[in-house]
Amino acid sequence: MMRQFELVEKVVSYDPSADEASLNRAYVYAMKMHGSQTRASGDPYYSHPVEVAGILTELKLDAGSIITALLHDTVEDTEATLEEIEKLFGHEIARLVDGVTKLTRLELTSDDSKQAENFRKLVLAMSQDIRVLLVKLADRLHNMRTLHFIKKQEKRQRIAAETLEIYAPLAERIGIAAWREELQDLAFREVHTEARESIVSRLKQLREDGQSAVDTIIRDLTDCLLEGALTSDVSGREKSPYSIWDKMKRKAVEFEQLSDIMAFRVLVDDTTACYQALGLLHAAYPLVPGRFKDYISVPKPNGYQSLHTVLIGPSGHRIEVQIRTRDMHDTAEFGVAAHWSYKDGGDPRQIGESLHWVRQLLDILENTAGADEFLEHTKLDLYQDMVFCFTPKGDLHSLPRGATPIDFAYSVHSEIGNRTVGARINGRHKPLRTVLENGDQIEIQTAKNAKPSPTWESYAVTGKAKACIRRFIRQEKRQEFMELGKAILERTFRQGGYSYSEKAFNPMPDGIKSEKLDDLYAQIGEGLTSAVEVLHTVHPEAKNKHKAEKVVPIGRAREQRKKAKDDALPIQGLIPGMAVHYAGCCHPIPGDQIVGIVISGKGVTIHRSDCDMLQQFADQPDRWIEVSWGSAKDDTAHRVSRLQATLANLPGALGSLTTVIGRNGGNISDLKFTNRTTDFFDVLIDVEVEDIKHLTNIIAALRATPAVNSVDRARG
Ligand code: MN
């Protein structure tokens, strides 16, 4: 383990402007907070954050990253809080530590490997600062180096699988090949122990047979380039057991068929020399067609540059050769981070602008054009318009940003969506309109007979949820319209003095466009077809008889209403299940004289019978329905009524208004200023009340209030 002074000295060696005091404080703080905690290895726990910080110094990362590494487990595993960290180390460090903590809390709880891709996206989406991701990767690298200390095989397997599926690809995507390879090899040991051992032993066999002649080939390649007057560093090795296994898997070939198990690297001074070396090698050895790739002209999105080719090498073996400059090599091994540090290594002033390389990396990630398959996985900001959430079982669902539990429910299954009654987010009850955040765990609560509410549509953002809600509501409405239409038609017949029978519509009389009776009912219920005209089609003689009767007088047929009592409805005279709206113009409340108007496509709207808006329906008698309020016993719901008041423009006037309403049991649900002068202001107040008596009490109390100049029910 690095000692405190060694770590600080190392950071200062590449970044002389680093804040030594903060580094020292972070080291001591991590030691103090982790206290006597130990790792599976028996080491003191604080050795882990120190090692992680050490790994990051290899990339010459800025002091902020190193401090974050030192503190990265304190919030999750100790008494430390983010507030305290912010106080001690500032806002930026607190934000970085918070980012790493959130990633740590994500656990791959599902075995479904299809989730891996989503998980990688989630990690990227949550790593808004690339340093968060780098600290997390270094954390994982150290945990993998010490994985063998963990006793439970199951736990080792899970961590290793997660490393292969999530973290190694992420290391690849930000261009840190050295970490990717080490992560893969360490995980491979754990996950496929036998496969790895067999590959290692076969490689050993090949070496003993003299077929794996790495050293000889290095000499031959070096000589070949020297003959062309090109100096180079040639290195070679057998490919890693994991990459051999991966290739065997991808190409479904046996080990014996894998001929290019040796890889060689040629490092030269500049780009021109890369192409010279390529020409010399291609002239000296036969090349394997179709394997040449020029990543110098067209770098990979993660910044990787190199020439790749496969040759039939000196001793007749197929060998893979990568040709690149030393700069390119550093980028390949350690990403843009190392490249930047390397280039500016001699100039401390430049390194002082420590985060320059981060911007460079983001530039590369963001500005790579073209439909490269890597691009999607490389752009850090790509997933900023998505959120990733879990079911209680750990299944991951990706949704557009702004999505709510409604979207989540429909994303799980449309039946779940249709039966949703509530949601728990991270274990707590939350409104269905709550906007989801990355990593939220959502438990949808359902009930057998629950139905989607039309208001859901306004807070669903996914097409699937919106379409399902609309379809359901359309079906529901059709059912309502059918029942309503049937009732209207029956009543129209009755009022005309005819008995009603469905037989009259089988077969459908000429002059009626609907093919089925249900369609006709729905048409009438929706107000698209006139019930009176249907009556006149069936009984033409009724035309003259009933022309005079227009508006059904209010208050008639009271006996009928009593019979048609429905305890579930606050309004009597409606068909059960019919859509009912209270008119926004007159805000009827229990006690008011009311009337129902059938509105095309909406159901029935309840107006006060003195509402000015009713005039426009005067010549459409078949739209009018007689209704009345149910008895107060049935109806305990509060209804909104609207008041308009004029108040003196004095301090406390509004306060006394709201106090009086509150004291009298009214609940203000909305309040809007309509006009304000120096003396007075007008205000519209929506108040929830029980009935007309309740409202009258409130109005009387308001009129007795000095600051209230006038108050009345709003009308239209
Ligand atoms: Mn850790």
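Everything below is about the structure shown above.
Draft legend 1. Main features of unusual backbone geometry. The amide bond that connects N506 to the next residue, P507, takes the cis arrangement and shows omega of 0°. As for its placement among the helices and strands, P507 is situated in the loop between α23 (463-495) and α24 (517-525). Phi angles above zero are rare outside glycine, and A229 is one such case at about 65°. Inspection of the secondary structure assignment puts A229 in the loop between α13 (214-227) and β1 (233-238). The backbone of H587 sits at a positive phi, close to 45°, despite the residue not being glycine. With respect to the secondary-structure elements, H587 resides in the loop between β12 (580-582) and β13 (594-599).

Draft legend 2. Quick peek at the pairing of β13. Burial within β13 is extensive, with five of its six residues counted as buried. Bridge analysis of β13 against strand β14 (residues 603-608) gives six bridges, and the strand direction is antiparallel. When the bridges of β14 are listed, I594 appears paired with R608. From the end of β13 to the start of β14, which pair antiparallel, there are three residues, and G601 there has a positive phi angle of about 80°. Summarising the sheet, β13 and strand β15 (residues 624-625) pair through two bridges and their orientation is antiparallel. Bridge pairing links G596 to I625 in β15.

Draft legend 3. The sheet that holds strand β17 (residues 639-648), seen in detail. In space, the four strands of this open sheet follow the order β18-β19-β17-β20, with antiparallel pairing throughout. Both outer strands of the open sheet, β18 (667-676) and β20 (708-713), are each paired with one neighbouring strand and no more. When the angles between neighbouring strand axes are averaged without regard to direction, this sheet yields 20°. Both β18 and strand β19 (residues 680-689) contribute to a ladder of eight bridges, which runs antiparallel. Residue pairing for β19: R676 is matched across the bridge by F681. Across the sheet, helix α29 (residues 692-703) lies against β17, β19 and β20, angled at about 165° from β20, the strand it touches most.

Draft legend 4. Region of the structure containing the nonpolar core. Formed by 67 residues in total, the largest nonpolar core has its most connected members in L56, I66, L71, I85, L134 and W179. Non-local contacts of W179, meaning those with residues more than four positions away in its chain, are made with I55, L56, L59, L134, L137, A138, L141, A171 and F334. Of all hydrophobic cores here, the second largest spans 30 residues; its members include F493, Y500, M578 and I625.

What counts as what
- Residues numbered from 1 in each chain as written.
- Predicted model: local features only at pLDDT ≥ 70, side-chain atom pairs only at ≥ 80, totals over all residues.
- Heavy atoms only, no water.
- Helix = DSSP H or I, 4+ residues; strand = E, 2+ residues; numbered from the N terminus.
- Buried < 20%, exposed > 50% of the residue type's maximum accessible area, 1.4 Å probe, protein only.
- Pairing = 2+ DSSP bridges.
- Axes fitted to C-alpha atoms, helices over the stretch in contact; angles between N-to-C directions.
- Contact = heavy atoms within 4.5 Å.
- Core = buried A, V, L, I, M, F, W, Y, C linked by side-chain atoms within 4.5 Å.

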